[in-house]
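# A structural walkthrough
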Amino acid sequence: MQKEKITEKIVTWLKDYAENAHVKGYVVGVSGGVDSGVVSTLCAMTGLKTLLLEMPIHQKEDQVSRALDHIADLKSRFPNVEAISLNLTPSFDELFKVFNVNDEDFPAEKLAFANTRARLRMLTLYHFGQLNGLLVCGTGNKVEDFGIGFYTKYGDGGVDVSPIADLYKTEVYELAKHLNLIESIQNAIPTDGLWDVDRTDEQQIGATYPELEKIQKEWGTKTEVDYSGRDLEVFKIFSRMNKAAQHKMQPIPVCDIPEEWRN
Ligand SMILES: NC(=O)c1ccc[n+]([C@@H]2O[C@H](COP(=O)([O-])OP(=O)(O)OC[C@H]3O[C@@H](n4cnc5c(N)ncnc54)[C@H](O)[C@@H]3O)[C@@H](O)[C@H]2O)c1
Ligand SMILES: Nc1ncnc2c1ncn2[C@@H]1O[C@H](COP(=O)(O)O)[C@@H](O)[C@H]1O
Ligand SMILES: O=P(O)(O)OP(=O)(O)O
């Protein structure tokens, strides 16, 4: 992987996009994970205003401390980086009281609240983005966004630009090392951090990112009959999730009205 070329390409792309959009820079949510670690660093490298938002919602302590350490590191390296910590737990708890219509142990209710956390962060990013003349910079990678659709529609998926969405997760880790991110971010285990129980992405999906990437790279050229053993298991997981997430990857369906009905 040509890390330097990819880095330069993304940084220039971000800079050009902001200039053409006549904005001052970008706002990024920083979670303590590797995706937002890399994206926030690339935004900082543009030299444009880069606002980092740390937005815990009942967050695990290790996630919060990794996010804060990463923010402190970026601020020490880039004068154009600013950061705000906003504890969204009380706002979420208030919504929880108002919205909690069923039993909170009901699986659909748990999923809805997990996604509401991501959407609360999205509205916060847009608030501070508009206030400061910044675009919301997305952190999704190629597996999450175009493979298994592992993101919240209009939550962390609700962004203005998506600089690393053509990079596989293993490539994001390579960039994290290349860009000298702090060790704890380089080694961070992927988690969506949206649930009260501490579950990694791998535990939730049933496959690792390297396993999913292998299938994604062969997607469209191989079918179920070409796989066996663990690869077959992962192929089935990938196929199921990819199919279920098509609505996130396609334009919003519009009900077309026949021209002749307009008279
Ligand atoms: N990057 C991460 O690690 C990350 C971040 C956030 C969420 N997640 C995970 O992603 C998952 C998100 O859950 P989800 O995908 O059920 O929620 P979602 O809200 O992203 O998508 C479901 C919603 O999409 C709409 N929808 C469903 N089928 C549709 C169709 N055929 N056409 C049009 N719209 C349709 C409905 O409004 C439905 O409520 C969770 O498992 C969550 O833990 C991962
Ligand atoms: N606690 C958080 N603070 C700021 N931004 C966050 C936080 N948790 C998540 N985010 C943002 O959402 C995306 C996706 O998060 P996952 O942890 O992968 O679900 C993340 O990259 C941050 O930009
Ligand atoms: O999006 P992030 O930064 O939270 O990374 P991960 O999904 O690896 O936790």
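My aim in this report is to walk through the structure given alongside it, one point at a time. (Residues numbered from 1 in each chain as written. Chains lettered and ligands numbered in written order. Predicted model: local features only at pLDDT ≥ 70, side-chain atom pairs only at ≥ 80, totals over all residues. Heavy atoms only, no water.)

### Considering the site of ligand 1
Lining the immediate surroundings of ligand 1 are 16 residues, of which Arg119, Lys153, Asp192, Gln204 and Lys248 lie closest. Separating an oxygen atom of ligand 1 from a side-chain N or O atom of Gln204 is a distance of 2.9 Å. Protein contact buries 62% of the 870 Å² of open area that ligand 1 shows by itself. Of all the elements in the fold, those that place two or more residues in the shell around ligand 1 are helix 5 (107-132), helix 9 (201-205) and helix 12 (246-249). With 3 residues, the top contributor of residues to the shell around ligand 1 is helix 5. Its residues assigned to classes, the shell around ligand 1 comprises 5 nonpolar, 4 polar and 7 charged. (Near = heavy atom within 4 Å. Polar contact = N/O pair within 3.5 Å; in protein donor to acceptor, adjacent residues only side chain to side chain. Areas by Shrake-Rupley, 256 points an atom, 1.4 Å probe, with all protein chains shown as cover. Helix = DSSP H or I, 4+ residues; strand = E, 2+ residues; numbered from the N terminus. Nonpolar A, V, L, I, M, F, W, Y, C, P; charged D, E, K, R; others polar.)

### Structural notes on the site of ligand 3
Looking at ligand 3, the residues that line it are Ser31, Gly33, Val34, Asp35, Ser36, Glu144, Lys169, Pro190 and Thr191. Within the contact set of ligand 3, an oxygen atom lies 2.7 Å away from a backbone nitrogen or oxygen of Ser36. Contact between ligand 3 and Lys169: an oxygen atom at 2.6 Å from a side-chain N or O atom of the residue. Protein chains shield 88% of the accessible area of ligand 3, which is 270 Å² for the free molecule. With 3 residues, helix 2 (residues 34-45) is the largest single contributor of residues to the shell around ligand 3.

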